Amino acid sequence: MEKIAVIGAGMIGGAIVKSLVKEGYQGCVIATRRDAEKLKEFESLGASVSTNNKEAARKADIIFLCVKPNDVEKVLKEISEEIEGKIVISTAATIPLKFYKDRVPKAKFVRTMPNIAALVQQSFTAYCCDNNLNDEEKRKVKRLLDVMGVSEEVEERYMDAITALSGSAPGYISIIIEALMYAGLKVGLPRELALYSSAQAVLGTGKLILETKEHPAKIKDMVTTPGGTTIEAIFELEGSQIRQALMKAVEEATKKCEKIREKLIEAKH
Ligand SMILES: NC(=O)c1ccc[n+]([C@@H]2O[C@H](COP(=O)([O-])OP(=O)(O)OC[C@H]3O[C@@H](n4cnc5c(N)ncnc54)[C@H](OP(=O)(O)O)[C@@H]3O)[C@@H](O)[C@H]2O)c1
């Protein structure tokens, strides 16, 4: 039976474990972290748990590495002998494939960028593969990433921008939903109704754009009646800095990836 180890079962790692279990993964899942108490919830879901990364990596055919970027080097060192020849899928932001490959040349590394919607199997996960994965292994990687939502292979040079865009988007969209909720309160809606209607409107608009494949400008046009209510609101928004603020936010987060990487990696050499 195929075995997957999820090393660092925190927020993202935990979402991967839960998604695998929920989607009926036929193999065995081993979740690790240092805090044994916090592993109990995975055990109750039917996953195996361990505080021993080395042993989990030895037993596994495929390894998800989900610790914080700062902890990657240490954990990689710990499991390096156990992962040779195996697929290792890392979720760590900013760390390039070269970093992994330099340390364990015989492992087959995949760099991914999911987002926290993985908790409800709605992540957009971008990934890039080292050149020693064959097509069948790449298909396997995609099948596994798709349990968290949807995934797409991209060139590694896009990973920082993706980190800043879809990786962090749940943060940006939450600000928008919160602002809409408060707008609802301002015009007299009960709190729960204001939040529910805002979140569902964001979800529905995303789905509409994905399913109709229409440009967002077309959707905006579809809801704008001449002389109606929506154009009053759009007029206000267009006079604000909302578009530039979002562009600037993503640009700054992209630049920050580079700075973090320099601090994490280049500084060590
Ligand atoms: N959060 C996001 O939205 C997001 C999105 C995309 C990508 N990512 C990336 O995903 C990775 C995980 O992020 P996260 O937000 O899930 O962080 P997190 O919740 O802190 O999870 C990391 C986990 O690693 C465990 N850990 C630390 N050292 C360990 C060790 N030596 N051996 C085994 N487990 C260890 C920690 O648990 P213990 O303290 O119990 O060991 C912790 O639960 C990061 O590299 C991040 O860049 C995060």
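Along each chain, residue indices are assigned from 1 in the same order as the chain's sequence is written. Confidence filtering applies because this is a predicted model: local features only for residues at pLDDT of at least 70, side-chain atom pairs given and counted only at 80 or more, and all residues used for totals across whole chains, interfaces and linings.

## Brief notes about the site of the ligand
In this text, near has one meaning. A residue is near a molecule or strand if its C-beta atom, placed using the backbone, is within 6 Å of it. The ligand sits among 26 residues. The nearest are Gly8, Gly10, Met11, Arg34 and Asp35. Residue polarity is assigned by list, with Asp, Glu, Lys and Arg as charged and Ala, Val, Leu, Ile, Met, Phe, Trp, Tyr, Cys and Pro as nonpolar; anything else, Gly included, falls into the polar class. Here the shell around the ligand is composed, by residue class, of 12 nonpolar, eight polar and six charged.

## Here we look at the domain arrangement of the protein chain
Where each domain starts and ends follows an automatic or database-derived domain assignment. If you check the domain split of the protein chain, you get domain 1 (3-159) and domain 2 (168-238). Between domain 1 and domain 2, the C-alpha centre-to-centre distance is 35 Å.

## Let's talk about helix α1 (residues 11-22)
Numbered from the N terminus, helices here are DSSP runs of H or I no shorter than four residues, and strands are runs of E no shorter than two. A helix is expected to span 1.5 Å multiplied by its residue count minus one. End to end, α1 covers 16 Å across 12 residues, agreeing with the expected 16 Å (1.5 Å per residue, within 8%). The burial label depends on the number of other C-beta atoms within 10 Å of a residue's C-beta. Counts of 20 or more mean buried, 12 or fewer mean exposed, and intermediate counts mean partly exposed, with C-beta atoms placed from the backbone. Those residues of α1 not exposed but buried are Ile12, Gly13, Gly14, Ala15, Ile16, Val17, Lys18, Ser19 and Leu20. Of the surrounding secondary structure, the elements contacted by the buried residues of α1 are β1 (3-7), β2 (28-32), α2 (40-44) and β4 (62-65). Phi turns positive one or two residues past the end of α1, at Gly24, with a value near 70 degrees. Here, residues touch in the contact sense if the C-beta positions derived from the backbone fall within 7 Å of one another.

## A look at the packing of helix α7 (residues 159-167) against helix α12 (residues 242-264)
Where helices are involved, their axes are fitted lines through C-alpha atoms of the stretch in contact, as for all axes, and angles between N-to-C directions lie from 0 to 180°. Their axes nearest at 8 Å, the elements α7 and α12 cross at an angle of 135 degrees. One way to sum up the angle between α7 and α12 is to call them oblique. For α7 against α12, the interelement crossing comes out right-handed. Together, Asp160, Ala161, Thr163, Ala164 and Leu165 of α7 and Val250, Ala253, Thr254, Cys257 and Glu258 of α12 make up the contact between the two elements. The residue makeup of the contact of α7 with α12, split by class, is six nonpolar, two polar and two charged. For this classification, under 35 degrees means roughly parallel, over 145 means roughly antiparallel, 65 to 115 means roughly perpendicular, and everything else is oblique. Left-handed describes a crossing whose near helix is turned anticlockwise from the far helix through less than a right angle; right-handed describes the clockwise counterpart.

## Observations concerning the nonpolar core
In this structure, Val6, Ile7, Ile16, Ala31, Ile63 and Leu65 are the most contacted members of the largest nonpolar core, which totals 57 residues. Ranked by residues supplied to this core, first place goes to α1 with five residues. Leaving out residues up to four positions away in the same chain, Ile16 has contacts with Val6, Phe64, Cys66, Ala118 and Met148. The term nonpolar core refers to a group of buried residues, namely Ala, Val, Leu, Ile, Met, Phe, Trp, Tyr and Cys, whose C-beta atoms join them within 7 Å.

## What to know about the pairing of strand β6 (residues 108-113)
Counting buried residues in β6 gives six out of six residues, a clear majority hidden from the surface. Side chains of β6 alternate between two faces, with Lys108, Val110 and Thr112 and Phe109, Arg111 and Met113 buried alike. Pairing between strand β5 (residues 87-90) and β6: four bridges, direction parallel. Across the sheet, the residue bridging to Ile89 is Val110, located in β6. By convention, a crossover is right-handed whenever its connection, traced from the first strand over the helix to the second and viewed with the strands pointing away, goes clockwise. In the classification by handedness, the crossover that spans β5, the intervening helix α5 (residues 97-103) and the parallel β6 is right-handed. Criterion used throughout: strands pair if DSSP finds at least two bridges between them. Summarising the sheet, β6 and strand β7 (residues 123-129) pair through four bridges and their orientation is antiparallel. Residue pairing across strands places Met113 opposite Ala126, the latter belonging to β7.

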